[in-house]
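Given next are the chains, with one letter for each unit.
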Amino acid sequence: MKNHIKVNGKLLQTNKQFSQLKNSQKEWIATEFCNLYFDKMKERRTTRKLPPNYRDTVISSLYEQIQNREIWIPYDEVEKYAFSKITKIVKSFKKQFPELCEEIEAEYDNEIE
């Protein structure tokens, strides 16, 4: 029991991996991460990966929501999962919001000129 701690009367595994979560929990986390990342991309008006400080803000807010739903998983596992999905999320952002992407790219092109 060296990998367990007792919190609020519950025994929690401290070295739990993302793959050990239930499918419904994984799907919820994936959807929530997508939504948070999309919102931050829209706020920053970018079609590229977010800078590290904004990315960390998104991951932290995701982890807070995970804790609020009482899903136990270490922060570094959530962070590792998020890093593995960022490229896919950026590509799906371009597919889901093509008009917005064109608008943002046009703004960026105008700033350069």
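One can find the structure itself at the top, above this paragraph.
Residues numbered from 1 in each chain as written. Predicted model: local features only at pLDDT ≥ 70, side-chain atom pairs only at ≥ 80, totals over all residues. Heavy atoms only, no water.

A. Representation of the pattern of salt bridges in the model. A full pass over the atoms with the stated rule returns three salt bridges. A salt bridge links glutamate 43 to lysine 40; its shortest N-O distance comes to 3.5 Å. One end of the pair is glutamate 43 and the other is lysine 40, both in helix α1 (residues 23-44) and three residues apart, which spans about a single turn. Among the salt bridges present, the one from glutamate 103 reaches arginine 45, with a minimum N-O distance of 2.8 Å. Of this pair, glutamate 103 sits in helix α4 (residues 98-112) while arginine 45 sits in the loop between α1 and α2 (52-68), and the two are 58 residues apart along the sequence. For arginine 45, a relative accessible area of 32% translates into the label partly exposed. (Salt bridge = Lys/Arg side-chain N within 4 Å of Asp/Glu carboxyl O. Helix = DSSP H or I, 4+ residues; strand = E, 2+ residues; numbered from the N terminus. Buried < 20%, exposed > 50% of the residue type's maximum accessible area, 1.4 Å probe, protein only.)

B. Representation of a positive patch on the surface within the structure. On the surface, a cluster of positive charge is contributed by Arg48, Lys91, Lys94 and Lys95. Residue arginine 48 is classed as partly exposed on the basis of its relative accessible area, which comes to 44%. (Patch = residues over 30% accessible without salt bridge, like charges linked within 9 Å, V, L, I, M, F, W, Y side chains within 5 Å. Areas by Shrake-Rupley, 256 points an atom, 1.4 Å probe, with all protein chains shown as cover. Lys, Arg positive; Asp, Glu negative; His and termini not counted. Charge placed at Lys NZ, Arg CZ, Asp CG, Glu CD.)

C. Broad picture of α1. Taking 1.5 Å per residue as the helical rise, α1 with its 22 residues ought to reach 32 Å, and the 31 Å between its terminal C-alpha atoms agrees with that figure. Among all positions of α1, only Gln25, Trp28, Ile29, Glu32, Phe33, Leu36, Tyr37, Phe38, Lys40 and Met41 are buried. Considering only its buried residues, α1 is in contact with α2 and α3 (75-96). Two residues or fewer after α1 comes arginine 45, characterised by a positive phi angle close to 55°. (Expected span 1.5 Å × (residues − 1). Contact = heavy atoms within 4.5 Å.)

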